[in-house]
Amino acid sequence: MADKPLYYGSSGGNGPMYYGGKGPMYYGGGKNPMYYGGGKNPMYYGGGQYGGVPYYGAAYGGMYGGSMQGPEGEGSMLGTITVGRMFRVISQRWLSVFVFLLIGLIISFAIYRISPTIYQATSEFTMDMRSTTMRNGNVLDQAMPDYGGNYEEIFNTRLSDWRSDKIVTMIVQQYRSTHQSSTVADDEIISTLVDSKLELQRHSRIITITLRSRSPALAASLANAYAEAIEAFTDEENKLRCDKAVAQIHNQVDKKRREVDKIAKQLLDFRTANKVDNLRSNRETIGQSLSKTTADILALETEETQLVEWEKMLSAVQQDPENYGNLAVNVPRAQEIATEYRAYQDAAGEYQKLLVAYTDSHPEVVAASKALELSKQRFLEASNRALLTGRSTLQVVRNQLANLRAKQTELRNDLSSTEQQIVLAESGLKQLEAEFSVANRVLEGLILNENESRIQAEANNEIVRVGRPATEPTKPVLPNPIIIFGAGIFLSLALGVVFVLVIDNLEDTVVNLSDIEGRLALKVLAVLPHVRRKRREHVAKFAIEDKYSQFSEAVAGFRNLLDSPRYEALSRCLLVISTQPGEGKTITSSSIAISHAQAGRKTLHVDFDMRRPRLARIWGIDLVQERSFSHVLQAANGGASVDFATLVNKTSVPGLDVICSLPPEGVFPSSIFGSSVVSDFFEWARSNYDRVIVDSPPYGVVGDVVSLAVMVDSVIIMCCPDRTHFKPIMYCSRSLTEAGANILGVVVNDVTVSSVAAFNPNAHRSYGYGYGYGYGYGYRPRKAAAGKDAKGDAKPSAKVVAADGAGESKPDERPAGEIPHEEFIDED
């Protein structure tokens, strides 16, 4: 075993103890490995989807068996139905959906071609119902449509009559009368009528008649003949029923109407003989003349009173001009009197002004006095003329009053005489009018009774009238290409989607972010890109070799997330687990530990995968049992004292210490994890280190993880696209939560460049920079042209996705790879 430790063996050796070789005990590629191998019947991971094994059976028996109930939708063949999952599955398996669509279109086309051509014609008729309406206790003779449920009741009742043999006979007769040259046989007409449909339109009085036939002309003609036959049939039945109900009372009405007409003739003859109408007309004429004369007298009397008042006022002005202020404005010659009065006032003012300045004998005073007398004389003359005019007008008014009073007396005498003549003539007329009124009231009562009887007879009758006649259809209704092809497309797409969903659910692998956060209800903390390396130790220490690669930047971003205030208290002691081997938990835990150490934190990386320890090989540490973590814990469990500080191994990374284990020769891990020494170890580790990163065995293979999960601050679950299965990771999450562990989230590992967007929750908010967005800060030496490595290959980038949606895109200046983290050769 040159250059190989005892516990790792060699690919060239014949019988290595733990790794490699032809017959490995724990690992390697032999036919019958005990724990993890790739043989036909491994103990934990085997055939079928997970193999027919205790934990991962073909039907998820045992730990992941059918008795375990997953989240809603997991028990169905389709799985959980979400819009994101449907888009993802359809985009991945669009060809299968397209094949279903193509088959559906072919079947639809075949159905369309072999279906017979059918034409449909529709005619309409309206149906009204006569109902009794009461107003103040009187029944009105009018047809009142009722829009309640009675229409439906009458329609359903009449439907049997409208489909009776009598209607069919009437339809045939109606068709023959309008289409005398038709050669269509009666049997064909009857067979067409059998498939007819009568339908009452909702919230209306319209009834449609629908007939279908291979001949468009026959369908339209029969639809119209059907509506006309129903109208004739209904009118005939309604007439017979109503006539029979009101026949007796109608005879009484005719008899009383003849009696009323006789009395009306007698009344007319009496009025003609006695000229009653002429007398009444004369009375109205005399009354109107008397009213007009009386009104004229009242007007003249008012005018006479006014003239008398004017005469008195003008006489007072004649006596004293100062009484002019009491004179009415509408007296005769009022304007003339006002003008002379103003002249008189002006002269009087001028005279008084001169009299103040001069004596009475002064010439100007004398002249003003003469002018004043002259003005007064003209004023008195104007007043006198107005007085004479008023007296003349008063005399004329009094003469008119005398004449009108005489005429009023004459008209009153004529009116009294006419009234006496009318009273004498109407004494015989009133008796005839009373007889006519009584007979007329009796006639109205009989007519009302007839109307009531007719309304009662027609209360349950319907009035049918043909509405819109049918026209000859130009387009067939069957086969309907929209329905046939629409249904074919819909059903084929539905079957195709169901098919791809079933196939996707049967595969049961994680594909994108929605599978994790939606179906698993776990946060995606980070997305680690694929790295092309063949040896595990190279991949695990890749963050040391290239600090600016996309993988290193992704790990650094994840470390920043763990150091954030939100997660810092939960990430001091961190457990990294996976549900199956090959998901990169060892490499991820090593990278996290390296990143913490590079950030200046004192970090301890512990290898708790005691059945398959890897850290010693990754860091190139040669161990002896005295410094093997698993052997020391086994000894401490037996009562030996232990100093954990002696187990620490320094690494090439400043601030990073590791504790490694040898393969479990003589060690029983199951007994170690349940002991108190493990709790003592974590207490020691927390007191001596800023960060403790624990690499655990895969969950589900052994029960060690549950014991470790409750001792650490939080747990991180690893996930590999197209490799990690839903049910194991769901069971892992549920079991750890029930045990009291704090699951921080999921780290998606080994993601290729083309798949990063599927695991990036902020891919739609990338601001257009795309996946190749790099730093370009200039703090790293340039080794090649921007955007390419030394070989000229484009450099991919990675995205670190935080649980709160934060993400950061980093460039990689190393070539991209093809081999997943855990798929490397166990050889130096």
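Thresholds, definitions, all that
- Residues numbered from 1 in each chain as written.
- Predicted model: local features only at pLDDT ≥ 70, side-chain atom pairs only at ≥ 80, totals over all residues.
- Heavy atoms only, no water.
- Helix = DSSP H or I, 4+ residues; strand = E, 2+ residues; numbered from the N terminus.
- Buried < 20%, exposed > 50% of the residue type's maximum accessible area, 1.4 Å probe, protein only.
- Areas by Shrake-Rupley, 256 points an atom, 1.4 Å probe, with all protein chains shown as cover.
- Pairing = 2+ DSSP bridges.
- Axes fitted to C-alpha atoms, helices over the stretch in contact; angles between N-to-C directions.
- Contact = heavy atoms within 4.5 Å.
- Phe/Tyr/Trp six-rings, centres within 6.5 Å; stacked < 30°, edge-to-face > 60°.
- Patch = residues over 30% accessible without salt bridge, like charges linked within 9 Å, V, L, I, M, F, W, Y side chains within 5 Å.
- Salt bridge = Lys/Arg side-chain N within 4 Å of Asp/Glu carboxyl O.
- Core = buried A, V, L, I, M, F, W, Y, C linked by side-chain atoms within 4.5 Å.
- pLDDT = per-residue confidence, 0-100.
- Parallel < 35°, antiparallel > 145°, perpendicular 65-115°, else oblique.
- Left-handed = near helix turned anticlockwise from the far one by under 90°.

Novice: Describe the overall build of the protein, and please don't skip the residues or the numbers.
Specialist: Looking only at helices and strands, the protein features 21 helices and 16 strands. Among the 828 residues that make up the protein, the fraction classed as buried is 44%. Entry remark: accessible area of the protein is about 42,400 Å², with carbon and sulfur atoms responsible for 53%.

Novice: Please give an account of the sheet that holds strand E6 (residues 462-466) that cites residues and values.
Specialist: Spatially, four strands are ordered E4-E5-E1-E6 in an open sheet, and the strand pairing comes out antiparallel. The two strands at the open ends of the sheet, each matched to only one other strand, are strand E4 (197-200) and E6. Strand-to-strand twist across the sheet, computed as the mean angle between neighbouring axes with direction ignored, equals 25°. Note: E4 against strand E5 (residues 206-213), four bridges, orientation antiparallel. Bridging across to E5, Leu200 finds its partner in Ile207. Sheet strands touched by helix H6 (residues 216-274): strand E1 (119-129), E4, E5 and E6. Its angle to E6, the strand with the most contacts, is close to 150°.

Novice: Which residues make up the environment of Met127, and what values go with them?
Specialist: By the secondary structure assignment, Met127 is in strand E1. Along the sequence, Met127 and Gly467 sit 340 residues apart, while their C-alpha atoms lie 9.7 Å from each other. Residues within four places of Met127 in sequence aside, it is in contact with Tyr151, Ile154, Phe155, Trp162, Arg205, Ile207, Glu462, Ile463 and Val464.

Novice: Quick rundown of the packing of aromatic side chains? Include the residues and the values.
Specialist: Two aromatic rings are characterised by how far apart their centres lie and by the angle between their planes. Per the counting criterion, the structure on display carries 15 aromatic pairs. Centroid distance Phe644 to Phe681: 5.3 Å. Interplanar angle 70°. Geometry classified as edge-to-face. Pair noted here: Phe644 is in the loop between helix H17 (629-637) and strand E10 (649-650) and Phe681 is in helix H19 (residues 676-688), with a separation of 37 residues, a long-range link. Across the pair, exposure class does not vary: Phe644 and Phe681 are buried alike. Considering the side-chain rings of Tyr699 and Tyr731, the 6.2 Å spacing of their centres and the 45° angle between planes classify their relative orientation as tilted. Residue Tyr699 is located in the loop between strand E12 (691-695) and helix H20 (704-709), and its partner Tyr731 is located in helix H21 (residues 726-739); the two are separated by 32 residues in the primary sequence. Summarising the burial analysis for this pair, Tyr699 and Tyr731 share the class buried. Here a set of aromatic residues connected by ring pairs shows up, and it is made of Phe608, Phe629, Phe644, Phe681, Phe682, Trp684 and Tyr689.

Novice: Lay out the pairing of strand E8 (residues 573-577) with the relevant residues and their values.
Specialist: Within E8, five of the five residues are buried, leaving the element largely enclosed by the surrounding structure. Where burial is concerned, the two faces of E8 agree: the one with Cys573, Leu575 and Ile577 and the one with Leu574 and Val576 are both buried. Pairing of E8 with E12, which is carried by four bridges, proceeds in the parallel orientation. If you follow Leu575 over to E12, its bridge partner there is Val694. Bridge count for E8 against strand E13 (residues 714-719) is four bridges, and the pairing is parallel. Note that in E13 the partner of Leu575 across the bridge is Val715.

Novice: Just give me the short version of a nonpolar patch on the surface, but keep the residues and values in it.
Specialist: Side chains of Trp94, Leu95, Phe98, Val99, Leu102, Ile103, Ile106, Ile107 and Ile111 sit close together on the surface and give an oily, nonpolar patch of about 880 Å² of accessible area. Here Leu102 is to be found in helix H2 (residues 94-114).

Novice: I'd like a description of the nonpolar core, backed by residues and values.
Specialist: Soluble globular proteins tend to bury their nonpolar side chains together. Phe608, Phe681, Phe682 and Leu736 are the most contacted members of the largest nonpolar core, which has 54 residues in total. Excluding residues within four positions of it along the chain, Phe681 makes contact with Leu604, Val606, Phe608, Phe629, Phe644 and Ile659. In this structure, Ala543, Val555, Leu656 and Val747 belong to the second largest nonpolar core, which totals 38 residues.

Novice: Got a sec to walk through the confidence of the model for the protein? Specific residues and values, please.
Specialist: Scored by pLDDT, the protein comes out at a mean of 76, with 76% of its residues at no less than 70. Segment residues 1-73 is flagged for pLDDT under 50; beyond a separation of four residues in sequence, or across chains, it makes 151 contacts in the model. This model gives residues 763-828 a pLDDT under 50, and the stretch forms 158 contacts once residues within four places in sequence are excluded.

Novice: Residue-level account of the sheet that holds E8, with values.
Specialist: Strand pairs in the sheet, formed through backbone hydrogen bonds, run parallel or antiparallel to each other. Ordered in space as E7-E14-E13-E8-E12-E9-E11-E10, the eight strands form an open sheet in which the pairing is mixed. Looking along the sheet, the strands with just one partner apiece sit at the ends: strand E7 (524-529) and E10. Inspection of the sheet shows E13 paired to strand E14 (residues 743-751) by five bridges, in the parallel sense. Bridging across to E14, Ile717 finds its partner in Val746. Against the sheet, helix H15 (residues 585-598) touches E7, E8, strand E9 (603-607), strand E11 (656-659), E12, E13 and E14, its axis set at about 170° to E12.

Novice: If you had to explain the packing of H6 against helix H9 (residues 363-458) to someone new, which residues and values would you point to?
Specialist: Running from N to C, H6 and H9 point in directions that differ by 165°, and their axes come no closer than 9 Å. As the angle between them shows, H6 and H9 are arranged roughly antiparallel. Note that H6 runs across H9; the crossing there is left-handed.

Novice: For the packing of helix H4 (residues 165-178) against helix H5 (residues 186-194), give the residues involved together with the corresponding values.
Specialist: Viewed as axis vectors pointing N to C, H4 and H5 meet at an angle of 125°, and their least axial separation amounts to 11 Å. Overall, the two elements H4 and H5 adopt an arrangement that is oblique. Handedness of the H4/H5 crossing: right-handed. Counted together, Val168, Ile171, Val172, Tyr175 and Arg176 of H4 and Asp186, Ile189, Ile190 and Leu193 of H5 form the full contact between these two elements.

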